[in-house]
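Descriptive structure summary
This is what each chain is made of:
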Amino acid sequence: MSSFPIRSRAFPPNWPMRLIGVLFVAYTLYAMSRLDLTWARFSIGMGEASRFLARMWPPNFTRWELLAEGLIESVQIALLSSALGIILALPLGLMAARNLAPKPLTMLTRGFIAFCRSLHYVIVAILFVKAIGFGALAGIAALTIASVGFIAKLFAEAIEEVSMKQVEAIRATGAGPAAVILYGILPQVASRFLGFSLYQLDSNLRNSTLVGIVGAGGIGGTLFAAFKRFDYDFVAAILMTIIAMIFLAEVVSGRIRAALR
Amino acid sequence: MSDRAVKSGLVIEGLVKEYVPGKLVLRGIDLALPAKGITAIIGPSGTGKSTLLRCINRLVEPTAGRILLNGQDLVPLRGRALRMARRRIGMVFQEYNLVERLSVMENILSGRLGYVSFWQAWLRRYPAADIERAFTLLDAVGLPDHASQRADALSGGQRQRVGIARALMQQPELLLADEPTSSLDPRTAVEIMELMTGLTASTGVPLIVNIHNVDLARRFAQRIIGMSGGSIIFDGPPETLETHHLRQIYGGEDWL
């Protein structure tokens, strides 16, 4: 009988958590009323959507040359910006790793990486279009910066997790700093670095379709033009092509990643 | 015998190490070892055995004292001079510390990193003599067919054999072994000790080995050093190590 109060304490009520839950639900309802999120508005929207979808079907591939041109430019933007990003991220990652580089250097490099990551790539693309003009160069520059930020940050974190025992053993042989990185660090992080790079290439393929909307080259420009001219059947053709390309890239990079393990 | 007169072997004078100011891990170690033979250092965990070994090849920075290897003081060395000294000292580790994702051959050849250029190391263009020596060492440690296997595919005993080959690849003037058998089963431990003592004896390299197992220390070493609380409290041949010494080194009574 005396054990009952002890048992009842096994799952004590968490009042702060319950309060947060109630507040969250209350605020959600308030925000919906503020933004006119009503059922009537939703049903009107659904009707518009069905008309829009009907105009997209069947997809129109008659202007496939225009489509292919845009797609190839997008793939080129993705490949070039990934390659540049990977090459730049390798030294930056090494310089940002706290277990390798002196503290002032890591802070400086981390600041630069944070700067690369701070703005969304579409905003960066707009800035480059304004600065260096319309076209693929602006898209490549924007996506390179995004790639550097992503790969360098994760690469630095991977380096900070290496086993220092292996590094110690290489240092004990009398190896110089460059050889310690080559034999003690890089073998431990190489497969993860390749994984990050592949992932970023995947992302860049997707992102390169978008930078065209702001004028930075690629199929996004074609897509945006088709939207503006209400060529919804051509829009559907472009979207289907992009989806097919991303699926293909996903499969290929998945295979490569599995082979790396 | 004046310490300065000793031009061969290892001489340690007044070696002090504190990781945290005021907390001494090594309390003024004085030690002179000849340029041959096997010395075993025994003592409880945390008594500074590993720190002592790592001060010798400067993986740990000594706080004070001198360490003379064949007449050269290692403590003031910096940069390139320090790396030149390190490549003369081989080290075998408790957890083998192989580069897991490199092949056995690459691990063994990493013992030459103090000798070859960065480009040679990167492109694996090691001198033919180094590669030949690596194969000879692979045979000597009993892994003739494992050259292209990745280090993480090996068993513990095999890994330690590679560790020994890597250290000997340096053609060291001194071999340090930090608990080389503590992660191994008893039989493999004996095999590794036999291999290490055999190879160092045949090449005339002095060996200093930190070891937990007093029986192995007695069996393989010509000299035993007992440490406790950061000081040397026994130094002599294995025959003279008696029960009361062990009580003094490890403390307590009941375990003996």
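Now for a look at the structure at hand. (Residues numbered from 1 in each chain as written. Chains lettered and ligands numbered in written order. Predicted model: local features only at pLDDT ≥ 70, side-chain atom pairs only at ≥ 80, totals over all residues. Heavy atoms only, no water.)

Each helix and strand in chain B was counted, giving nine helices and 10 strands. Principal-axis analysis of the C-alpha atoms places the extent of chain B at approximately 50 × 40 × 35 Å. Counting across all 256 residues of chain B, residues that qualify as buried make up 53%. Considering only contacts within chain B whose residues lie at least 6 apart along the sequence, 68% involve residues at least 24 apart. When the accessible surface of chain B is split by element, carbon and sulfur atoms take 51% of a total near 11100 Å². Charge separation in chain B, taken as the distance between the mean sites of 30 positive and 26 negative side-chain charges, equals 8 Å. (Helix = DSSP H or I, 4+ residues; strand = E, 2+ residues; numbered from the N terminus. Buried < 20%, exposed > 50% of the residue type's maximum accessible area, 1.4 Å probe, protein only. Contact = heavy atoms within 4.5 Å. Areas by Shrake-Rupley, 256 points an atom, 1.4 Å probe, with all protein chains shown as cover. Lys, Arg positive; Asp, Glu negative; His and termini not counted. Charge placed at Lys NZ, Arg CZ, Asp CG, Glu CD.)

Right, let's talk about the overall build of chain A for a bit. When you go through chain A residue by residue, the secondary structure sums to 11 helices and zero strands. Along chain A, helices and strands appear, N-terminal first, in the series α-α-α-α-α-α-α-α-α-α-α. Over its C-alpha trace chain A gives a radius of gyration of 26 Å, far above what one expects of a compact globule, namely 18 Å for 261 residues. Along the first, second and third principal axes, the C-alpha set of chain A runs to 75 × 70 × 40 Å. Residue pairs in contact within chain A that sit at least 24 positions apart in sequence constitute 75% of those at least 6 positions apart. Computing the positive centroid from 23 side-chain charges and the negative centroid from 13, chain A places the two 12 Å apart. (Rg over C-alpha atoms; globule rule 2.2 N^0.38 Å.)

On to unusual backbone geometry, then. Of note, the amide linkage connecting A:Trp57 to A:Pro58 takes the cis form, showing an omega dihedral of -5°. With respect to the helices and strands, A:Pro58 occurs in the loop between helix 3 (39–56) and helix 4 (64–96).

All names here are of chain A. Given a rise of 1.5 Å per residue, 16 residues ought to cover 22 Å, and the 22 Å separating the end C-alpha atoms of helix 5 (residues 103–118) matches this to within 8%. Burial in helix 5 covers these residues: Thr106, Thr109, Ile113 and Cys116. Projected down its long axis, helix 5 carries its buried residues within an arc of 85°, all on one side. Exposed positions of helix 5 whose direction lies more than 90 degrees from the buried face are Lys103, Pro104, Met107, Leu108 and Phe115. (Expected span 1.5 Å × (residues − 1). Arc of directions from axis to C-beta.)

Let us now look at the layout of surface pockets. Here the largest pocket is characterised by a volume of approximately 390 Å³. What lines the largest pocket is a set of 19 residues, and nearest its centre among them are A:Leu100, A:Arg171, A:Gly176, A:Pro177 and A:Val180. Of all the secondary-structure elements, those providing two or more residues to the lining of the largest pocket are helix 4, helix 8 (164–172) and helix 9 (177–211) of chain A together with helix 2 (79–86) of chain B. Classifying every residue of the lining of the largest pocket gives 12 nonpolar, three polar and four charged. (1 Å grid on protein atoms, 1.4 Å probe; cavity = no way out; pocket = protein on both sides within 12 Å on 5 of 7 lines; lining within 4 Å. Points joined across faces, edges and corners; volume = space filled by probe spheres on them. Nonpolar A, V, L, I, M, F, W, Y, C, P; charged D, E, K, R; others polar.)

We now examine a nonpolar patch on the surface. Together, A:Phe24, A:Val25, A:Leu29, A:Met32, A:Leu35 and A:Leu37 give the surface a local cluster of nonpolar side chains, amounting to about 650 Å² of exposed area. Overall, A:Leu35 belongs to the exposed group, its relative accessible area being 63%. (Patch = residues over 30% accessible without salt bridge, like charges linked within 9 Å, V, L, I, M, F, W, Y side chains within 5 Å. Salt bridge = Lys/Arg side-chain N within 4 Å of Asp/Glu carboxyl O.)

Glancing now at the interface of chain A and chain B. Between chain A and chain B, the residue contacts involve 18 residues of the former and 28 residues of the latter. Summing both partners gives a buried area of about 2100 Å² for chain A against chain B, and 60% of it is carried by carbon and sulfur. Sorting the residues of chain A by area buried against chain B places A:Ala172, A:Thr173 and A:Tyr183 first, and these three jointly supply 30% of that buried surface. The salt bridge involving A:Lys165 is made with B:Glu95; its shortest N-O contact spans 2.6 Å. Seen at the junction of chain A and chain B, the total is seven residue pairs in polar contact (both at pLDDT 80 or more). Elements with a minimum of two residues in the side of chain A that touches chain B: helix 8 and helix 9 of chain A. Residue composition of the side of chain A that touches chain B, grouped by class: 10 nonpolar, five polar and three charged. (Buried area = accessible area lost by both parts, 1.4 Å probe. Polar contact = N/O pair within 3.5 Å; in protein donor to acceptor, adjacent residues only side chain to side chain.)

Moving on: the nonpolar core. Core analysis: the largest hydrophobic core is formed by 80 residues, its most contacted members being B:Ile42 and B:Leu113. In terms of residue count, the dominant contributor to this core is helix 9 of chain A (eight residues). Not counting residues within four places of it along the chain, the set of residues in contact with B:Leu113 comprises A:Ile170, A:Thr173, A:Ala175, A:Ala179, A:Tyr183, B:Ala121 and B:Tyr126. (Core = buried A, V, L, I, M, F, W, Y, C linked by side-chain atoms within 4.5 Å.)

Residues and elements named next belong to chain A. Axis separation between helix 4 and helix 7 (residues 136–160) bottoms out at 6 Å; the angle between their running directions is 35°. At the point where helix 4 passes helix 7, the crossing takes the right-handed sense. Residues that form the contact of helix 4 with helix 7 fall into these classes: 19 nonpolar, seven polar and two charged. (Axes fitted to C-alpha atoms, helices over the stretch in contact; angles between N-to-C directions. Left-handed = near helix turned anticlockwise from the far one by under 90°.)

Turning our eyes to something else, we now look at the environment of A:Ser147. All names here are of chain A. With respect to the secondary-structure elements, Ser147 resides in helix 7. Separated by 59 residues in sequence, Ser147 and Leu88 place their C-alpha atoms 9.1 Å apart. Reaching out from Ser147, the side chain makes a polar contact with the side chain of Gln200 at a distance of 3.4 Å.

Glancing now at the pairing of strand 7 (residues 174–178) of chain B. All names here are of chain B. In terms of burial, strand 7 is a largely internal element, five of the five residues being buried. On strand 7, burial covers both faces: Leu174, Leu176 and Asp178 on one face and Leu175 and Ala177 on the other are all buried. The sheet contact formed by strand 6 (residues 89–92) and strand 7 spans four bridges and is parallel. If you follow Gly90 over to strand 7, its bridge partner there is Leu175. Sheet topology note: the strand 7/strand 8 (residues 207–210) ladder contains four bridges and is parallel. (Pairing = 2+ DSSP bridges.)

Turning to the sheet that holds strand 6 of chain B, a few remarks are in order. All names here are of chain B. Taken in spatial order, the six strands of this open sheet run 6-7-8-3-9-10, and their pairing is mixed. Bordering the open sheet on either side are strand 6 and strand 10 (231–236), each of which pairs with just one other strand. Within this sheet the neighbouring strands show an average axis-to-axis angle of 20°, counted without direction. With five bridges connecting them, strand 9 (residues 223–228) and strand 10 associate as antiparallel partners. Looking at strand 10, one finds that Ser228 is bridged to Ser231. Set on the sheet, helix 7 (residues 186–203) makes contact with strand 3 (38–42), strand 6, strand 7 and strand 8; between it and strand 8 the angle comes to about 160°.

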